[in-house]
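# Topology and contacts: notes
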Amino acid sequence: MQEQPTTQGRDQFQSKLGFIFAAAGSAVGLGNIWRFPYLAGKNGGGAFVLFYLICVIVIGFGLMLAEFVIGRNTQLSSVDAFKKLDKRFTFVGAMGVLAAFVIMGYYPVVGGWSVAYVFKSILGQFSTDSAVMGEVFGALATGISQPILWTAVYLIANIVIVAKGISGGIEKASLVMMPTLFVLLVILVIRSLTLPNAIEGLKYLFVPDFSKLTGDVMLAALGQAFFSLSLGMGCMITYSSYLSKKENLVQNAIVVPTMDTSVALLSGMVIIPATVSFGFDLGQGPGLVFVTVPAIFATMGPVLGRIFGIIFFLLLTLAALSSSLSLLEVVVSYLIDNRGWERKKAVAGSSIVLFIICIAASLSMGAWSGFTIMGMNIFDFLDWFANNLLLPIGGIFITLYVGWFMGKDKVKAEVTNDGTVKFAIFEVWMFLCRIVIPAIIAVVLLSGIGII
Ligand code: PFF
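Just so it is clear, the structure is predicted and the values come from calculations on it, not from any experiment. (Residues numbered from 1 in each chain as written. Predicted model: local features only at pLDDT ≥ 70, side-chain atom pairs only at ≥ 80, totals over all residues. Heavy atoms only, no water.)

Where helix α7 (residues 130-141) contacts helix α14 (residues 288-298), the two axes come as close as 9 Å, and the packing angle between them is 130°. In terms of orientation, α7 lies oblique with respect to α14. Every pair of crossing elements has a handedness; the one defined by α7 and α14 is right-handed. Across from M133, G134 and F137 in α7, the residues of α14 making contact are F290, V291, P294 and A295. Class assignment of the residues belonging to the contact of α7 with α14 gives a composition of six nonpolar, one polar and no charged. (Axes fitted to C-alpha atoms, helices over the stretch in contact; angles between N-to-C directions. Helix = DSSP H or I, 4+ residues; strand = E, 2+ residues; numbered from the N terminus. Parallel < 35°, antiparallel > 145°, perpendicular 65-115°, else oblique. Left-handed = near helix turned anticlockwise from the far one by under 90°. Contact = heavy atoms within 4.5 Å. Nonpolar A, V, L, I, M, F, W, Y, C, P; charged D, E, K, R; others polar.)

What follows is the structure, encoded as structure tokens:
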């Protein structure tokens, strides 16, 4: 029997910063530091970045606010929120759970690489020679037992934290981690930009070449905006369900994407100029950060480079962890709330299945690379399916729901805290939710998958 959703006895974030850091902790992760730079490198640079920024401003802000409205209004996690508001939309919540599951089928593989690189930093295996760095990364990513072992280490960290329901500790930790990561990235930007020929990389990153803006590049940018902001899958609905009725939702929907995007742009400004300066391949894909950043450390000398390497990959691991926790929690809380499982069973059950998928994703980088789905290996397929398909479709329905079905008065009362907070562009935002955002997503989606 399925229970009626209830909001009794729920915790709330005790302070404004508590929520911002939890939401930013989910948003800032591998998406910003690992995925954004390699996609920018692969998809032609400036035009991709520009379209990404447009997506963040127009869609990211609007959709995040829509998710906040649903979450705080119902004070329920995503599936239950839709069940309570309008049963016809329950599938949107369910699709989000699927998306979280699919992403968790490969995210821990990259998390595992990051853990491995903490140790590689300690051992000082870094060099500015692309052949050496390519070999170090290749040996790890295309191996069999090593990457699976590191994936397991990373996944176990997630399991322990989520099983104990102590993710609050991680969120507190991000109060310190985030600013540290930020400072470190700024230092690395300076190091990177003072390398010879770095300016060419900066141009590549920021000067758009519109001939590169094809349908699949636009879809990649859109998918990246969703992935990076943790949108389209109900994660932000769930987080904001814990938000107090006094909080200003609009402000939060501006601050979180701003923080997230700053980290992505800083990472891009570290990685792309250095890649160009060292003469590495910009289009190499998922290995980019693991090849270029260590090479930057190699230029800092054996001691300093090592220290920076350890701190950087430790922070990358922790940033990844605070994101994947929110993903695993989406899956686990669904099994608890909607399937009546106990927390421990939900964590164990989902993790076993996820580990098996992660093994397949990891092997698809090497031994199983010959096996492809729609021309992609398993790893790339999972990534593409979740980010370029499930999340955008989720985004369409979430904004359509808030725009057309939730009821304008109810939406307005929620965004403005019953009229006590000003939101001058309410009508504009409603228009975005009703027409602009769903239309842009639909067009980009259809052209990205080659239908238009
Ligand atoms: N936003 C995270 C990142 O950039 O790494 C990934 C993510 C977390 C996506 C949570 C979706 C989500 F619900």
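This part covers the environment of W341. Following the sequence through the fold, W341 ends up in the loop between α15 (302-339) and α16 (343-363). The residues contacting W341, other than those within four sequence positions of it, are L335, I336 and A346.

The immediate surroundings of the ligand are formed by 15 residues, with A27, G31, Y107, F227 and M233 found nearest. Here an oxygen atom of the ligand and a backbone polar atom of G31 are 2.8 Å apart. When its residues are assigned to classes, the shell around the ligand shows seven nonpolar, eight polar and no charged. (Near = heavy atom within 4 Å. Polar contact = N/O pair within 3.5 Å; in protein donor to acceptor, adjacent residues only side chain to side chain.)

Grouped together as the largest cluster of nonpolar side chains are 166 residues, with contacts concentrated most on W34, I70, W113, F312, F313 and W429. Of the residues forming this core, the biggest block, 16 residues, is contributed by α15. Every residue in contact with W429, bar those within four places of it in the chain, is listed here: F61, G62, L65, A66, V69, V402, V411, V415 and F423. (Core = buried A, V, L, I, M, F, W, Y, C linked by side-chain atoms within 4.5 Å. Buried < 20%, exposed > 50% of the residue type's maximum accessible area, 1.4 Å probe, protein only.)

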